[in-house]
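# Inside the fold
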Amino acid sequence: MKAVTWQGKRDVRVEEVPDPRIQEPTDAVIRVTSSGLCGSDLHLYEVLTPFMTPGDILGHEPMGIVEEVGPEVTGLKPGDRVVVPFQIACGHCYMCGTGLPTQCETTQVTGEGMGAPLFGYTRLYGAVPGGQAEYLRVPQAQYGPIKVPEGPADDRFVYLSDVLPTAWQAVEYAAVPQGGTVAVLGLGPIGDMACRVARAKGAGRVFGIDLVPERLRRARERGVETYDLRSFDKEKELVAAIQDETDGRGPDAVIDAVGTEAHGSAAAKLVQQAAAVMPRVIGGPLAERASIDRLAALYTAIDLVRRGGTISLSGVYGGMADPMPMLTLFDKQIQLRMGQANVRRWSDQIIPYLTDEDPLGVDDFATHRVPLTDAPHAYEMFQKKQDGAVKVLMKP
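Looking up the chain in an unreviewed UniProt entry gives the name Molecular chaperone GroES, with the organism given as Streptomyces mutabilis. Comment text from UniProt for the chain, heading Sequence similarities (unreviewed entry), reads "Belongs to the zinc-containing alcohol dehydrogenase family." Entered under Cofactor (unreviewed entry) in the UniProt record, the comment concerning the chain runs "Zn(2+)".

Written out as C-alpha cells, the structure reads:
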C-alpha cells in the first residue's frame, strides 16, 4: 500500500509499504477514506525529529471502512464506516473508566514512561504506524473506532478523530462560565474549532488571536472578536487591548492552542533546531532531559487571563526544562489544565452537533483536499502557512 513516511527533518515521502494485517484478536483493519494533516504532525516535521525513525508512517486523524476484524472485536463488522481516535485505549481499565483513555493502563508506553500510544507519532508514544495511508491496523478495536452513519461526506465526521474532541476538551478544561469571556491563542484548526465550540456552549465573548490573515478572517466570519498580532509592537499592548474589553481584568479563561512552536522565543527555537539536526544518539537524550519549549504563547496566556481564571493548554508542549513564572501563577491564583484529548470521553457529546444544520461548520472546515500522493507538498504548504491553508484532508 501507499503511505506517508517520515524520512528526516522537513522530509516526508509517499512510499510503498507492506499492507497491515490482523496481529491480535482485538485488532481491526480499515480502508482509509480520509485522513487529516494536523498541527501535531508539523511538530514531527520540525521539532520532535530526535524521537522519529526513518520510515515511520505518519498520521493520526483517519476514518474509513472496516475491512477485517479480529475474533474478540464485537460491535464492528466489515463494511462499517468508522472514525479512529488518535489514541489507542482498551476502554475497560481504571483510567479508561474515569474518562482518561489517554492514560490507558492496558496500553501505556511504560518503557518510555508515557501514556497511551498514539497513531503515527514518535517512539515516545509507541511508534504505531499511522493513518496517512491506504490501510490502517487499529489495535483495541473493541473500543476505539466510532461508528458513523452512511450518507454525509467524510468531512462531517472525520474531525471526531482529533480536531473536535481536542477543541471540545480545551473548552471544557477552560471552564468558561455561561456568558463569560475566553481568549484563544492561535487560530489554526484546533484554535478555530475551539472558538466555535465555545460559542456553541454559551460563551458570551470569544477573542481570537493570530497573525495569519486567512485564519483571522475565518474566525471573524463566525462571530469571533479577532486580534492580529502584527498590529501590536509588544505583547503587553495586546494584553492591555483585551483587558480593556473585559473591565480591566482579562478574560475568564485563555486557551493556548499554539504550543511549543510559538512565534518569538528565539533562544528556545535555536535549542530545538540544534537537537533536531544532531545525530539521533545525541539529540534524543538531549531532547528528553534538557529540552525547552518556545513559551511565548503560554507566557501571553499567563499575563492575559484574569486573576482566579483558567488556562487550558491544547497546544502540544514537549520541554523537560521549561522555565515557568511560578510567582505569577501562584499570585494570580491561576488554574492550569492540559493534556491530550480523551476522544471517547467527549465523542458522544459532540455527535449531536454533527447534523445537516452544521452548527460547528465542519462540512466546509477543510481549506484543502488533496490526494495522498500530494502529501509532501501539503506538509510544506501547511508548515509555511501558504495558500490560506488552515486544514488539509488527504484522500488515499
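Picking up where we left off.
### As for helix α12 (residues 375-383)
Within the span of α12, buried status applies to Ala375, Ala378, Tyr379, Met381 and Phe382. The arc that holds the buried residues of α12, viewed along the axis, is 170°, so those residues lie on one side.

### Notes on the environment of His368
Within the secondary structure layout, His368 lies in strand β14 (residues 368-371). Considering only alpha carbons, one finds His368 and Ala389, 21 residues apart in sequence, at a separation of 6.7 Å.

### Structural notes on the UniProt feature "domain: Alcohol dehydrogenase-like N-terminal" (unreviewed entry) in the chain
Here the UniProt feature "domain: Alcohol dehydrogenase-like N-terminal" (unreviewed entry) sits at residues 25-146. For residues 25-146, the helix share is 10%, the strand share is 21%, and the end-to-end C-alpha distance is 19 Å.

### Description of the nonpolar core
Among the nonpolar cores identified, the biggest contains 71 residues, and Tyr159, Leu164, Met193, Tyr379 and Met394 are the most heavily contacted of them. Element by element, the count of residues in this core is highest for helix α3 (residues 163-174), at 8 residues. Both of domain 1 (2-162 + 342-394) and domain 2 (164-338) provide at least three residues apiece to this core. When residues no more than four places from it in sequence are discounted, the contact partners of Tyr159 are Leu164, Pro165, Val362, Phe365, Ala366, Lys391 and Leu393. Residues Tyr227, Ile302, Ile311 and Leu313 belong to the second largest nonpolar core, which totals 19 residues.

### Considering the side chain of Asp358
With respect to the element layout, Asp358 can be found in the loop between α11 (343-350) and β14. It turns out Asp358 is buried and unbridged, and the closest side chain with the opposite charge, Arg156, is 5.3 Å from it. With residues up to four places along the chain from it excluded, the contact list for Asp358 reads Tyr353 and Asp363.

### Section: the packing of aromatic side chains
Evaluation of the coordinates by the stated rule reveals 6 aromatic pairs. Positioned above the aromatic ring of Phe365 is the side chain of Arg218, whose terminal nitrogen or guanidinium carbon lies 5.0 Å from the ring centre. Note that Arg337 overlies the ring of Tyr173, its terminal NZ or CZ placed 3.8 Å from the centroid.

### Thoughts on the sheet that holds strand β13 (residues 335-338)
Strands in a sheet are paired, the pairing made by backbone hydrogen bonds, and the direction either parallel or antiparallel. Across the sheet, 6 strands lie side by side as β10-β9-β8-β11-β12-β13; this open sheet has parallel pairing. The strands lining the two open edges of the sheet, one partner per strand, are β10 (225-228) and β13. For this sheet, the mean inter-axis angle between neighbouring strands, taken without regard to orientation, is 20°. Its contacts with the sheet put helix α9 (residues 296-304) on β8 (181-185), β11 (253-256) and β12 (310-313), and the angle it makes with β8 is roughly 165°.

Rules behind the numbers
- Residues numbered from 1 in each chain as written.
- Predicted model: local features only at pLDDT ≥ 70, side-chain atom pairs only at ≥ 80, totals over all residues.
- Heavy atoms only, no water.
- UniProt positions renumbered as here; feature names shortened; annotations may be inferred.
- Buried < 20%, exposed > 50% of the residue type's maximum accessible area, 1.4 Å probe, protein only.
- Helix = DSSP H or I, 4+ residues; strand = E, 2+ residues; numbered from the N terminus.
- Arc of directions from axis to C-beta.
- Core = buried A, V, L, I, M, F, W, Y, C linked by side-chain atoms within 4.5 Å.
- Domains from an automatic or database assignment.
- Contact = heavy atoms within 4.5 Å.
- Lys, Arg positive; Asp, Glu negative; His and termini not counted.
- Salt bridge = Lys/Arg side-chain N within 4 Å of Asp/Glu carboxyl O.
- Phe/Tyr/Trp six-rings, centres within 6.5 Å; stacked < 30°, edge-to-face > 60°.
- Lys NZ or Arg CZ within 6 Å of the ring centre and 35° of its normal.
- Pairing = 2+ DSSP bridges.
- Axes fitted to C-alpha atoms, helices over the stretch in contact; angles between N-to-C directions.

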